[in-house]
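A structural walkthrough
Here is what each chain is made of, one letter per residue.
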There are 4 protein chains.
Amino acid sequence: MTDANHQKEQTHSASLLIHCPDQRGLVAAVTDFIHHNNGNILYLDQHVEVKEQVFFMRVEWDLAGFSIARDHIGADFQRLIAGRFHMQWKLHFSDELPRMAVFASKLPHCLYDILSRWQSGEWQVELPLIISNHPELETVAKRFGIDYHVFPITPANNKAQARKQLALLKDHRIDLIVLARYMQILTEDFIDNYPQRIINIHHSFLPAFPGARPYHSAHERGVKIIGVTSHYVTTKLDAGPIIAQDVVRVSHKDTVADMIRIGQDLEKIVLARAIWLHLKRKLLVYGNRTVVFE
Amino acid sequence: MTDANHQKEQTHSASLLIHCPDQRGLVAAVTDFIHHNNGNILYLDQHVEVKEQVFFMRVEWDLAGFSIARDHIGADFQRLIAGRFHMQWKLHFSDELPRMAVFASKLPHCLYDILSRWQSGEWQVELPLIISNHPELETVAKRFGIDYHVFPITPANNKAQARKQLALLKDHRIDLIVLARYMQILTEDFIDNYPQRIINIHHSFLPAFPGARPYHSAHERGVKIIGVTSHYVTTKLDAGPIIAQDVVRVSHKDTVADMIRIGQDLEKIVLARAIWLHLKRKLLVYGNRTVVFE
Amino acid sequence: MTDANHQKEQTHSASLLIHCPDQRGLVAAVTDFIHHNNGNILYLDQHVEVKEQVFFMRVEWDLAGFSIARDHIGADFQRLIAGRFHMQWKLHFSDELPRMAVFASKLPHCLYDILSRWQSGEWQVELPLIISNHPELETVAKRFGIDYHVFPITPANNKAQARKQLALLKDHRIDLIVLARYMQILTEDFIDNYPQRIINIHHSFLPAFPGARPYHSAHERGVKIIGVTSHYVTTKLDAGPIIAQDVVRVSHKDTVADMIRIGQDLEKIVLARAIWLHLKRKLLVYGNRTVVFE
Amino acid sequence: MTDANHQKEQTHSASLLIHCPDQRGLVAAVTDFIHHNNGNILYLDQHVEVKEQVFFMRVEWDLAGFSIARDHIGADFQRLIAGRFHMQWKLHFSDELPRMAVFASKLPHCLYDILSRWQSGEWQVELPLIISNHPELETVAKRFGIDYHVFPITPANNKAQARKQLALLKDHRIDLIVLARYMQILTEDFIDNYPQRIINIHHSFLPAFPGARPYHSAHERGVKIIGVTSHYVTTKLDAGPIIAQDVVRVSHKDTVADMIRIGQDLEKIVLARAIWLHLKRKLLVYGNRTVVFE
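The structure presented is a predicted model; accordingly, all values stated were derived computationally and were not measured. (Residues numbered from 1 in each chain as written. Chains lettered and ligands numbered in written order. Predicted model: local features only at pLDDT ≥ 70, side-chain atom pairs only at ≥ 80, totals over all residues. Heavy atoms only, no water.)

Section: the side chain of Asn 133 of chain B
Residue and element names in this part refer to chain B. Looking at the secondary structure, you find Asn 133 in the loop between strand 6 (126-132) and helix 4 (138-143). Exposure remark for Asn 133: the relative accessible area of 7% places this residue in the buried category. Apart from the residues lying within four places of it in its own chain, the contact partners of Asn 133 are Ala 104, Ser 105, Val 150, Phe 151, Pro 152, Ile 153, Tyr 182 and Gln 184. (Helix = DSSP H or I, 4+ residues; strand = E, 2+ residues; numbered from the N terminus. Buried < 20%, exposed > 50% of the residue type's maximum accessible area, 1.4 Å probe, protein only. Contact = heavy atoms within 4.5 Å.)

So this is what it looks like as structure tokens:
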């Protein structure tokens with residue numbers, strides 16, 4: 001389906017994202033587990049939050065020659081290692097193909113960027129569905145052959161539309177939702193259905209300028225640098241765990257329109273970076289922060 | 001033809017890009033010319049190269065109510081002002097619609113980005129033509145409904161193909177050529193036909209790593225920051241006047257493949273910035289440097 | 001008194017910082033004034049706030065050969081130009097030597113940086129006085145031979161101490177006050193005595209994290225970039241006109257202590273940049289924003 | 001001797017910097033060694049150069065309760081682990097106090113910055129000695145109470161002076177040499193005496209603009225970003241392993257003098273960052289590149 005000119009076939013690998021109370025011997029236990037089952041570690045990174053005494057780890061290993069069958073890795077890891085250390089963990093395989101839906105409103109720049117990357121094979125993902133509260137971007141969706149569903153939103157129909165959107169997302173077995181400058185606040189029920197699986201791009205350097213019209217606020221405040229923030233959506237507006245941020249210098253010469261233009265380039269790049277980190281399973285949320293295993 | 005949702009109608013304006021030997025009274029003379037003819041200055045910026053004693057200026061003014069007819073502005077400015085001060089100048093009108101051709105090879109990221117911006121109405125430009133030395137990106141061109149011409153290049157047919165490309169460009173009345181990761185060296189004759197009207201994106205922080213495979217060289221050298229450079233093409237390879245540059249941090253963890261992936265985001269943003277500056281007539285080349293009136 | 005190895009003798013020049021309602025002919029009028037009096041313009045920059053229709057300008061010219069005597073320039077400019085256009089303006093001469101006082105608490109990094117720059121002759125300024133609420137940094141002051149005055153601050157003596165500080169500052173004919181991580185809130189009366197002449201460095205990317213312990217807040221919020229802000233002090237805490245900002249990337253690996261260490265490098269550089277802009281008369285405050293003529 | 005207000009007492013720790021051919025079980029072997037001897041790991045990071053199949057690791061652990069006596073750790077690690085895996089390794093203790101000499105010429109900014117950090121207790125280092133080829137900065141050294149030795153350098157006395165410098169450095173048991181804008185090329189013999197223990201700051205974004213007067217070259221080339229590079233000195237000029245780099249935007253308005261002024265702020269910050277990384281034992285050189293365990 002994708003152009004596939006980027007798609008390089010990699011060896012299949014498995015990755016574990018782990019966190020647990022910090023204690024002696026964690027790294028040794030996990031690496032021993034892989035080592036003794038004939039796995040070759042491709043990537044290992046760990047992090048300890050010293051104050052809270054919490055341990056985080058990402059380890060990825062080559063599945064070629066690994067002596068535990070793919071279907072049994074999780075159960076074996078739980079029985080032999082995770083249980084003993086009270087670990088919370090997620091196991092992923094590099095050949096899984098998650099399914100992503102994009103929500104957009106009227107601004108096309110992030111949507112075009114996402115579609116271009118998907119189409120070029122930059123990301124290992126399926127993209128069966130675009131949802132919007134406006135009809136304007138349907139031409140963009142059609143250009144790439146993706147279904148485009150319009151759900152007009154009003155204060156009155158807000159919750160009912162959210163339920164219909166959820167049904168549609170379930171029908172399409174969507175794993176990840178990307179808000180590509182979708183200018184609506186999601187319902188709590190909607191968010192609760194996709195914990196740590198909704199990525200938003202907010203057009204300010206959070207926690208500065210949350211909410212509406214941040215470029216106007218930045219101009220009004222006279223800041224010399226503007227930024228954008230990609231984060232997981234929680235029920236607290238613009239306050240979820242931050243995945244990626246970037247900034248750019250502005251000056252007194254820049255009008256609000258200039259800031260919007262300059263900022264949009266950042267928005268699409270930072271949103272794409274967050275999506276990539278999520279798809280590559282490099283993100284672990286702890287409290288309201290992310291551990292990013294780059 | 002474009003989506004036009006970005007396209008805000010602005011007042012028409014005229015702009016002058018001027019350079020000449022520095023001397024007293026230059027700013028006063030130019031602003032008087034506009035002022036006395038009832039023009040309202042929207043933008044004025046000047047720069048003096050102190051060592052070489054050269055003066056540069058960009059001035060833009062509202063055409064509404066301007067007392068000189070559009071067709072006579074140039075002649076009047078030459079007779080009344082420019083001649084006296086030995087000025088070299090270019091006059092542009094904001095409602096002109098330049099015509100741009102894009103050259104690409106096999107990498108789609110810059111081409112997609114350019115097409116998306118054009119299609120969204122971010123730029124005031126016509127884009128009738130894509131030229132490539134390979135057939136791969138034709139599907140991308142078709143998606144946006146643009147003519148795609150393949151000119152395979154070999155050492156033997158190099159010059160002949162360049163002449164055919166030039167004929168095609170003339171047929172389409174092309175004003176600006178953008179090399180969107182076009183992996184061929186242009187002939188001198190070709191370049192001479194479009195002085196200061198061919199924009200290239202080079203995937204290194206020039207003058208570091210000119211030529212082929214700069215990400216490989218950057219990795220080999222162990223740099224901690226990589227960059228990209230957009231410049232006007234001259235007959236000296238990767239040595240033309242620099243328009244825009246940007247950089248990003250890397251570490252020992254980043255492989256050549258990581259650098260390529262990270263760098264491609266910079267490439268498309270920096271190339272787009274250079275195109276925008278050119279289209280907005282904010283660039284003036286002097287010697288081998290650019291004056292950028294941002 | 002300074003090492004003077006940086007101090008290059010420049011031609012003396014005059015500069016005007018101007019703002020007024022935007023109207024036709026402003027640039028021409030000012031440049032004519034200089035031109036007709038035989039002045040050679042070294043620098044000219046202007047800015048128009050289009051929405052508020054306010055015009056800003058900085059112009060600097062060589063005094064050699066200028067036909068108006070130094071003492072009469074201001075009056076002549078007012079009579080011939082400024083009055084007519086309702087301009088507010090400030091006239092400065094490049095050979096003036098402003099007098100600066102530094103306020104510090106216990107952290108030495110900004111103080112050392114300021115003293116080193118002053119001592120090396122990087123800045124054209126006199127530095128007769130350091131004030132602190134603690135005795136710790138007196139050894140630093142002594143190392144550079146500067147008077148160090150300790151004013152312990154309590155909620156009870158706050159206002160009385162401010163009055164004593166003001167008396168001391170007046171005695172030393174201080175023009176500019178720099179808060180080099182001075183951890184006290186100034187009284188309104190104190191601030192009113194030095195409008196747009198008190199520069200502070202705040203250790204966050206304002207408006208994010210105003211007030212106390214911003215690095216702790218940044219760590220708690222999980223931001224991926226931290227910053228610092230230099231601004232003129234107004235009676236509204238951490239809300240005065242921003243002069244300069246800079247940022248640096250952090251990650252989940254960085255503890256609060258790391259952020260403090262990394263941030264301190266930014267603090268001293270950004271504070272020094274703001275001081276330099278002020279000393280070079282490149283700053284114009286309008287509303288709560290700065291125009292920076294770089 | 002230092003102001004000590006920064007100096008926080010930390011638990012003593014040991015760190016190992018390791019590299020060896022990549023093979024299964026490396027991380028497990030090292031962490032087991034520490035774990036089984038009752039060591040609590042404070043920091044662990046590893047890196048694999050996939051192409052060359054080389055493994056790098058930095059591990060730091062708390063010495064409190066560690067069951068191997070400090071003097072025996074190295075021998076035990078060699079016998080039990082390192083020998084088996086053909087590891088090259090360095091063992092450091094956090095309470096070691098390395099001895100650093102600074103070389104400077106006439107520019108004071110890096111020297112002042114280093115002395116200020118040392119004096120404030122930012123770094124755990126002794127600084128008994130400053131060497132220069134000029135007398136100008138002796139006043140700076142005196143201000144901080146450090147011995148200042150002048151070795152005038154000519155093409156004729158170059159090698160003889162290097163030998164005298166080496167003798168002086170040996171007398172002072174110097175572990176690390178910092179070239180703080182020392183404008184002389186060191187002799188091969190000198191460099192061979194301090195492999196990976198001489199840190200230089202070069203005032204360009206290497207490999208662009210090596211050698212003399214890089215700001216002049218950057219201005220001439222018309223780059224839009226300038227940078228600085230800190231690296232270990234090797235016998236190939238400006239080509240040693242890069243430790244840290246940073247950049248800053250410039251424009252056509254910036255003269256060479258502006259670039260020098262702006263660049264000097266970067267120079268002192270980047271040099272200080274490299275020194276800090278070296279002192280904290282976070283650097284491992286492999287081939288001509290550094291692995292930086294941040």
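Structural notes on the sheet that holds strand 3 (residues 54-62) of chain A
Strand pairing in a sheet takes place through backbone hydrogen bonds and is either antiparallel or parallel in direction. Residue and element names in this part refer to chain A. Spatially, 2-3-1-4 is the arrangement adopted by the 4 strands of the open sheet, whose pairing is antiparallel. Each edge of the open sheet is held by one strand with a lone partner, namely strand 2 (40-49) and strand 4 (88-93). Ignoring strand direction, the axes of neighbouring strands in this sheet form an average angle of 10 degrees. With 6 bridges connecting them, strand 1 (residues 13-21) and strand 4 associate as antiparallel partners. Considered in strand 4, the bridge of Leu 16 is made with Leu 91. Of the strands in this sheet, strand 1, strand 2 and strand 3 touch helix 1 (residues 26-36), which is tilted by about 20 degrees from strand 3. (Pairing = 2+ DSSP bridges. Axes fitted to C-alpha atoms, helices over the stretch in contact; angles between N-to-C directions.)

A few points about the relation of the copies chain C and chain A
In the superposition of chain C on chain A (RMSD 0.0 Å, axial shift 0.0 Å), the rotation amounts to 180 degrees. Such a turn and shift between the copies fits a two-fold axis. For chain C, the smallest separation between a C-alpha atom and the rotation axis is recorded for Ala 208 of chain C, amounting to 2.3 Å. With an isologous cut-off of 70% or more, the 100% of interface residues of chain C that recur at the interface of chain A puts this contact in the isologous class. (Least-squares fit on C-alpha atoms with pLDDT ≥ 70 in both.)

Remarks on the interface of chain D and chain B
The accessible area lost on association of the parts is a frequent measure of interface size. Contacts between the two partners involve 33 residues from chain D, matched on the other side by 33 residues from chain B. Of the roughly 2,900 Å² buried at the junction of chain D and chain B (both faces included), carbon and sulfur atoms supply 55%. Together, Arg 221, Lys 224 and His 252 of chain D form the three largest contributors to the area buried by chain D at its contact with chain B, with a combined 25%. Counting every contact that joins chain D to chain B gives 2 salt bridges. Note that Asp 246 of chain B is salt-bridged to Arg 249 of chain D, the shortest N-O span being 3.1 Å. There are 18 residue pairs in polar contact (both at pLDDT 80 or more) connecting chain D and chain B. (Buried area = accessible area lost by both parts, 1.4 Å probe. Salt bridge = Lys/Arg side-chain N within 4 Å of Asp/Glu carboxyl O. Polar contact = N/O pair within 3.5 Å; in protein donor to acceptor, adjacent residues only side chain to side chain.)

As for the domain arrangement of chain A
Residues and elements named next belong to chain A. Parsing chain A into structural domains produces domain 1 (3-93) and domain 2 (99-292). Each of domain 1 and domain 2 has a C-alpha centre, and these two points are 30 Å apart. Listed by partner, the interface residues are 19 residues for domain 1 and 13 residues for domain 2. Of the roughly 1,400 Å² buried at the junction of domain 1 and domain 2 (both faces included), carbon and sulfur atoms supply 53%. Inspection of the region where domain 1 meets domain 2 yields 2 salt bridges. The residue Glu 49 makes a salt bridge to Arg 289 at a minimum N-O spacing of 3.3 Å. Counting across the domain 1 and domain 2 interface gives 5 residue pairs in polar contact (both at pLDDT 80 or more). Within the residue set of the side of domain 1 that touches domain 2, elements represented by two or more residues are strand 1, strand 2, strand 3 and strand 4. (Domains from an automatic or database assignment.)

What to know about the pattern of salt bridges
Counting across every chain of the model gives 61 salt bridges over all chains. Note that Arg 117 of chain B is salt-bridged to Glu 122 of chain B, the shortest N-O span being 2.9 Å. Note that Asp 265 of chain D is salt-bridged to Arg 117 of chain C, the shortest N-O span being 2.9 Å. Of the two residues, Asp 265 of chain D is situated in helix 8 (residues 256-279) and Arg 117 of chain C in helix 3 (residues 109-120); the pairing between them involves two chains. On the basis of relative accessibility, which here comes to 3%, the residue Arg 117 of chain C falls in the buried class. Among the charged side chains, a network of salt bridges with common partners joins Asp 113, Arg 117 and Glu 122 of chain A together with Asp 265 and Lys 268 of chain B.

Here we look at the sheet that holds strand 11 (residues 242-249) of chain D
Residue and element names in this part refer to chain D. Here we have 7 strands laid out as an open sheet, ordered 7-6-5-8-9-10-11, and mixed in their pairing. Only two strands of the sheet have a single partner each, and these edge strands are strand 7 (147-150) and strand 11. The average undirected angle you get between the axes of adjacent strands in this sheet is 20 degrees. Across 5 bridges, the pairing between strand 5 (residues 99-104) and strand 6 (residues 126-132) is parallel. Each bridged residue has a counterpart across the sheet, and for Ala 101 the counterpart in strand 6 is Leu 129. Where helix 5 (residues 158-171) meets the sheet, its contacts fall on strand 5, strand 6, strand 7 and strand 8 (176-179), and the angle it forms with strand 6 comes to roughly 170 degrees.

Here we look at the interface of chain C and chain A
At the interface, 33 residues of chain C touch 33 residues of chain A. Summing both sides of the interface, chain C and chain A together bury roughly 2,900 Å²; the carbon and sulfur share of this comes to 56%. Its largest share of buried area at the contact with chain A, chain C owes to Arg 221, Lys 224 and His 252 of chain C, together 25% of the area lost on that side. Our enumeration of links across chain C and chain A arrives at 2 salt bridges. For the pair chain C and chain A, the number of links is 18 residue pairs in polar contact (both at pLDDT 80 or more). Ranked by residues supplied to the side of chain C that touches chain A, first place goes to strand 11 (residues 242-249) of chain C with 7 residues. Across the side of chain C that touches chain A, the residue classes break down as 14 nonpolar, 8 polar and 11 charged. (Nonpolar A, V, L, I, M, F, W, Y, C, P; charged D, E, K, R; others polar.)

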